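Coordinates in review
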Amino acid sequence: MAGTGKAHLRTEGDVLLRVEDLVVEFPVGRTGLKVNAVSGISLDVLRGETLGVVGESGCGKSTTGRAIMQLPRPTSGSVLFEGRQLTDMSGDDMREARTRMQMIFQDPISSLNPRRKVRDIVTEPLAIWKRGNSTEQRAKVDALLEEVGIDPQRAAESQPHQFSGGQCQRISIARSLVLEPTLIICDEPVSALDVSVQAQVLNLLEDLKAKHGLTLIFIAHDLAVVKNISDRVAVMYLGKICEVAPSDDLYRAPAHHYTSVLLDSIPVPDPSVAATKTAIEGEPPSPVLPPPGCRFHTRCPAATDVCRNEEPKLREIATAHFVACHHPLYGDDVPVSVA
Amino acid sequence: MSIAIQASTRTDDGPLLELEGVRTHFQTPRGVVRAVDGVSLTLERGRALGIVGESGSGKTILSRSIMGLLPTRGTIRQGSIRFEGREIGGLSRRAMRDVWGKEMAMIFQDPMTSLNPLMKIGAQIAEPLRIHLDMSRSDAWATAERLMNDVRIPAAGRRLRQYPHELSGGMRQRIMIAIAMACGPTLLLADEPTTALDVTVQAQILDLLGEQRRDRNMSLLLVTHDLGVVAGHTDDIGVMYGGKLVEMAPTAELFANMKMPYTEALLQSIPKLADPSHTRLNVIAGRPPDLVNPPVGCRFSPRCPYAQDRCREEEPPLIPTVEDPRHTYACWYPVGSPAYHETKARRQREAEVAA
Amino acid sequence: MTTALASSTHGAAEVKSARKARHMGWMFGTAWLVVLSFCALFANQLPFIRTYDAKVRVAGQAKQYGFGPGWTAWLGTDNSSHDVFARCIYGARQTLFIGIGATIIGLTVGGLLGVLGGYYRGWVDRAISIIVDCLLAMPALLLALLLIQRTDQIKETITALGWLTRTEEITITLGILAIAPFARIVRAQTLGLRERDFVLAARSLGAKSQRVIWREIMPNLVPAMVTVAVTGLGILIAAEGTLAFLGLGVARPQTWGTMIDAARDDLSKAWWATIFPCLFLFLTVLSFNFIGDHLARKFDIREAAV
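Residues numbered from 1 in each chain as written. Chains lettered and ligands numbered in written order. Predicted model: local features only at pLDDT ≥ 70, side-chain atom pairs only at ≥ 80, totals over all residues. Heavy atoms only, no water.

Focus on the overall build of chain C
Across its full length, chain C holds nine helices and two strands. By residue count, 46% of the 306 residues in chain C fall in the buried class. Per element, the accessible surface of chain C, about 15,500 Å² overall, is 66% carbon and sulfur. (Helix = DSSP H or I, 4+ residues; strand = E, 2+ residues; numbered from the N terminus. Buried < 20%, exposed > 50% of the residue type's maximum accessible area, 1.4 Å probe, protein only. Areas by Shrake-Rupley, 256 points an atom, 1.4 Å probe, with all protein chains shown as cover.)

As C-alpha cells, then:
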C-alpha cells in the first residue's frame, strides 16, 4: 500500500480540483533531514462531490489540505483549481483564488480571533475584499448566521469565548461561506466536538452543501464520520494514498490491508461485535525516514519481498475502486493468504 | 488519621469501591458549579466499569474525586467514598499518598504531559516501587524491566534508559500503564486513556488494559466519551449527564435494552459504519446543561424529545428495571414505556404533517 | 454503614481572602497614582502645595533642614530650606514624564520590532534578534551612563541639538534600554499567535500580511503590552532613580532620584529629606506593580510575570 500513481484521476466529468504529484517536505531543524509529510499524492474532486480523506496522525492529510490552499506552498506538484494552476500563481492572484476555496479548522475556538466580536469575524472576508457597503455586508452576514443557527443579535455583541465549541464551529462555517466559495476544505471539523454536537454539525454541513452547491474535501481520522459524509474516500498512510474508492464500496470491501486494519480497529458501540477484532501490532514509522517500497510493509500482515523493495502503484481492481498494494485483499490478483 | 488507615484491615469480601451520594462542587466567580451532584455506585473486585458522558457531564471530576485529586481551594465535597471497606472521601492529600500508586492508580489522557520529560523511563517506573515497596535501586529497575515486558514494550532493557520524548504516543501510554501497575493496585482509574491516540494504537492499548486487568484481578474504572470504547472493554456501564448518573447496567444489557432517552439519543447520534453514506444523523437538540443553574426536574428534560410536564418539575430517581435489578435508570417515561411510544408516534405524525 | 462525610468547605474562605488582598493592592495602587498625578498636574493651583522655589524660613532666615516633618512643612525642609513635600510633588512630574515617555519609546520601537520579527520570521527575525541581543548583552546601567555622556558631548559640538534637555536625554536613554525586553516579549507572543488557526483562517480568506498583523495579531497583543508596559513603567522609574543616584539626574526641577542623591549625605542629620522621596519612589513603583499584576491576572497573561 501507500503507493503512487494517477490511475484514479478522472478525465470525464466536471473536475473542480486536480492535484498531481503533490509533495510537501519540512526541514527538521538544521539537521539536514526532512519530514516527508506528503510524498507525491494525486487527487481529484468533481464539482458537487464530497471527497473524504482519512488516515492516522502524521499521515499528511491535514498537510495536504493546507498545501491545496497554498498555505504553505507545496514543495512540488501541481494543484489545478477551476482550470487554473495555483502553484505558480503570484501572491496577489493566489489571494484572490483563495476566496474561491475556504477552510474549516479542527479547533473551533482557536480558529476565531478571541478579541473580536463574532459578527465582525464573519464580516471580515467581505471587509478584506470590500464587497458591498456596510448595510449589504450586514444583511448578508446576518442571513448566514441565521442559516447556521446563530442569533445575529448575540453575534454582534459577543466574543467567541461566549459561545460553546459547537457554536464556534457554526460561526467558522458561516465565515467560510461568506465569500461564496465553490470548495470547502474541512480539516477535522468535528473531532473536537462532543458526540451529540458532532451530529448537529455534520447534518448542517450536508444541508449547506446542498443549498449552496458546495464541493467538500473532508479530512478526518474517524472513519465512521468520513463514511457518513463522503461520496468518495481516499485512505492515506505516511504521506501516500493507499486506496481510493466510493465510500460505500470502500467500507463494504476494503482492498488494502491498512484500510481493513483501520476498519477493524474502530471501537463499535455494540458489545456483540466488539470481541472479534484483531489489533495490528506497532505504530506508524517516522515520516523522517519512511520505509522503502510500500510504506506499510513494516506493519502489514501480508508483506513479501516485493513490498519491501518496490513501491506499489494505484490500480483499478473494481469499478472506480483503486488500490496501491501488491497483494490486495481482493481483485484481479490471487490474494495472498494471510496467516 | 493515617495510623487509623494502616490499622484498618483489608478485607477481601464486599465490593472494592462504593460511592454514596458523592457531590463535588466548585466555587467559581459565576457561582457554585455542581460538577458531580449525587452519584452512588458500586464497583466489584476484578470488574471493569465504564463511565460514559459528554464533556461537562462530570465524568472526569468523578474519577478525580475518587482519587482525591481535586484542588483544595474552593472545592466542596460531600458524600461517602468507601474503598476496600474504609472511608477515603475525606482524607487529606497527605493521607491519600499511601493509597495512590499502591492501591489505586490513575492513567490520563495525555501521556506526554503526565511523564516527566527530564527523567529516564526506568527511573519513572522505579520511583513508585522505591517509595511504596522500599525496593533497592537495582531491584526496582529489574522490576521496571519486567513491567515493561508485561506492557509489551519491545527492547525493554534499552528503553529503560530512554527519555519520554524518544517514544511514540502509544509507547508512552504503555509506560503510563506500567507505572500505574507497578505496585499492584487493586483499582485502576483510566481517564480517556486512548483519546489522544490513533485508532490502531487505541485498539492495542484497550486490549492491553483488559488483559492486564484480568491477569492481576484489578478493577478498572474507564472514563470516556466514546460508547464504542466502553462497549467492548467493560462489564458495566454508567452513563452520566449533567453531573448525575442517569443509567447504569451491565454492558450487554445496556445496549440491548436502554431505558434512558439520553443514552438512546447518544448512541443514535454516532455515525455508524453499517449505514450507507449520507445517512441523516439523529441529533440531540440544544446543549448540555449549565451546571451553575441546572434545569429543574430531570436535567435532560430541556433536550429530551419525550419530556412531559412531570419531567420538568420533578427529578426522577435512579430505579432498577423490572427485568434486571442491576439495570438502573433515572427517567419518568423510559424508552419502551407506553408514554414513550405515544409521544414518539405523535412526533412522527407531526413530522409527516409538516412534510 | 452509611456515614455521610462532613462537607469540607475549607479553602473557600482562603480563596476569598486572597482575592480580597489582591484587590486591595490594586485599589491602593490606583488611588495612589490618581492622587499623585492630580497633585503633580495641578501643583501650581493647589493651595497646600508650595511653589517649587518657595523657601520655608525659620524666623525669617533660610536654614538648612530648618524643619522636620510637622505642620509647617509636612515632610520637613531640605538643605536649602525648600519644602520636601512640594519638591516631591514637582519631582513626580519629572519622574512620571520620564517613566511614561521611556515606556512609550520602548513599547513603540520594541513592539514594532517584536511583531515584525515574530510574524515574518526568517532573515527579518534574525536581523532584529541580533539588534535586540546586542542591546541586552550590554550592562544596562553602563549603557545608560555612556549614552547620556555621549549625548552631552554631542550637544556641545552640534548646537542644533541644544534644545534637547537633560530630562529628554534621560527619557530617550531609558526608552532605548526598554526596547530589548519589550521586543522580546512581543516577539514571543507573536510567535504563538501566528501559529493559531485564526491567523491561518485570515490568510486563507485572502488577507494581506499587513491586515493580518493589524486586525488579527495586534488586538491580541494589547493586553500583554499594556500589562508589560505598566510593570515596565515601575522598573523605568526606579532606573531613573538609580541614574540620579549616580549623579546623572535632572538638576531642575529635581526628580526624586536627584533629591535622594542630594540629601543622602545628611541622612543622620535630616532623615526626612532622603526618606520621603524614597517613599514616594517606592510607593509609585509598588503601585505600578500592583496594577500590572492585576491586569496580568485579568487578561490571564503568564508571560507578563517576567
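So, the state of the cysteines
Residue and element names in this part refer to chain A. Evaluated as defined, the whole model comprises zero disulfides over all chains. No disulfide involves Cys 186; its sulfur sits 16 Å from the nearest other cysteine sulfur, which is in Cys 59. Exposure remark for Cys 186: the relative accessible area of 0% places this residue in the buried category. Cys 325 takes part in no disulfide bond, and the closest cysteine sulfur, belonging to Cys 300, lies 6.0 Å away. (Disulfide = S-S within 2.5 Å.)

Details of the side chain of B:Gln162
Residues and elements named next belong to chain B. Within the secondary structure, Gln 162 is located in the loop between helix H6 (156-159) and helix H7 (169-181). Exposure remark for Gln 162: the relative accessible area of 12% places this residue in the buried category. In this structure, Gln 162 is in contact with Lys 120, Ile 121 and Leu 167, ignoring residues within four places of it in sequence. (Contact = heavy atoms within 4.5 Å.)

Focus: empty space enclosed by the protein
All names here are of chain B. Going through the model one piece at a time under the given rule, you end up with nine cavities of 30 Å³ or more. Roughly 80 Å³ of internal volume is contained in the largest cavity. Looking at the largest cavity, it is lined by 13 residues, and the ones nearest its centre are Pro 261, Cys 298, Cys 304, Cys 311 and Cys 331. Taken together, the residues of the lining of the largest cavity sort by class into 12 nonpolar, one polar and no charged. (1 Å grid on protein atoms, 1.4 Å probe; cavity = no way out; pocket = protein on both sides within 12 Å on 5 of 7 lines; lining within 4 Å. Points joined across faces, edges and corners; volume = space filled by probe spheres on them. Nonpolar A, V, L, I, M, F, W, Y, C, P; charged D, E, K, R; others polar.)

Topic: the pattern of salt bridges
All chains considered together, the criterion is met by 49 salt bridges over all chains. Across the pair A:Arg119 and A:Asp142 runs a salt bridge whose closest N-O atoms are separated by 3.2 Å. Note that A:Arg119 is positioned in helix H3 (residues 118-128) and A:Asp142 in helix H4 (residues 134-148), a separation of 23 residues in sequence. Neither A:Arg119 nor A:Asp142 differs from the other in exposure class; each is buried. Three or more residues are tied together by salt bridges with common partners; here these are A:Arg116, A:Glu124, C:Arg211, C:Arg215 and C:Glu216. (Salt bridge = Lys/Arg side-chain N within 4 Å of Asp/Glu carboxyl O.)

Description of the confidence of the model for chain B
If pLDDT is low for a region, its predicted coordinates should not be looked at in detail. Summing up the model confidence of chain B, the mean pLDDT is 87 and the portion of residues at 70 or higher is 96%. Segment residues 1-10 of chain B is flagged for pLDDT under 50; beyond a separation of four residues in sequence, or across chains, it makes nine contacts in the model. (pLDDT = per-residue confidence, 0-100.)

Describing the sheet that holds strand S2 (residues 34-46) of chain A
Residues and elements named next belong to chain A. The strand order across the open sheet built from four strands is S2-S1-S4-S5, with neighbouring strands paired in antiparallel fashion. At either margin of the open sheet sits one strand with a lone partner, and together these are S2 and strand S5 (84-85). In the sheet, strand S1 (residues 15-27) pairs with S2 via 10 bridges, with the strands oriented antiparallel. If you follow Leu 17 over to S2, its bridge partner there is Val 45. Seen against the sheet, helix H1 (residues 61-68) touches S1, S2 and strand S4 (76-81) and runs at an angle of roughly 115° to S1. (Pairing = 2+ DSSP bridges. Axes fitted to C-alpha atoms, helices over the stretch in contact; angles between N-to-C directions.)

Comments concerning the packing of aromatic side chains
Throughout the structure, instances matching the rule amount to 13 aromatic pairs over all chains. Relative to A:Phe296, the ring of A:Tyr237 lies with its centre 5.0 Å away and its plane at 85°, an arrangement referred to as edge-to-face. Separated by 59 residues along the polypeptide, A:Tyr237 in strand S9 (residues 232-237) and A:Phe296 in the loop between helix H11 (271-274) and helix H12 (305-309) bring together distant segments of the chain. With respect to burial, A:Tyr237 and A:Phe296 carry one shared label: buried. A centroid spacing of 5.1 Å and a plane angle of 65° characterise the contact between B:Tyr262 and B:Phe300, whose relative ring orientation is edge-to-face. (Phe/Tyr/Trp six-rings, centres within 6.5 Å; stacked < 30°, edge-to-face > 60°.)

A look at the interface of chain A and chain B
Listed per partner, the contact involves 44 residues of chain A and 46 residues of chain B. Between chain A and chain B, roughly 3,600 Å² of surface is buried when both sides are summed, and carbon and sulfur atoms account for 55% of that area. Considering only the side of chain A, the residues that lose the most area to chain B are A:Val195, A:Pro269 and A:Glu283, jointly responsible for 17% of the buried surface there. Along the contact surface separating chain A from chain B lie one salt bridge. Residues B:Arg280 and A:Asp207 are paired through a salt bridge, measuring 2.8 Å at the closest nitrogen-oxygen approach. Taken together, chain A and chain B are joined by 18 residue pairs in polar contact (both at pLDDT 80 or more). Looking at the side of chain A that touches chain B, the element that brings in the most residues is helix H7 (residues 195-212) of chain A, giving 10 residues. For the side of chain A that touches chain B, the per-class residue count stands at 20 nonpolar, 12 polar and 12 charged. (Buried area = accessible area lost by both parts, 1.4 Å probe. Polar contact = N/O pair within 3.5 Å; in protein donor to acceptor, adjacent residues only side chain to side chain.)

As for the pairing of strand S6 (residues 101-104) of chain A
Residues and elements named next belong to chain A. Of the two faces of S6, the one holding Met 101 and Met 103 and the one holding Gln 102 and Ile 104 are both buried throughout. With four bridges connecting them, S6 and strand S7 (residues 183-187) associate as parallel partners. Residue pairing in the sheet places Gln 102 in a bridge with Ile 184 of S7.

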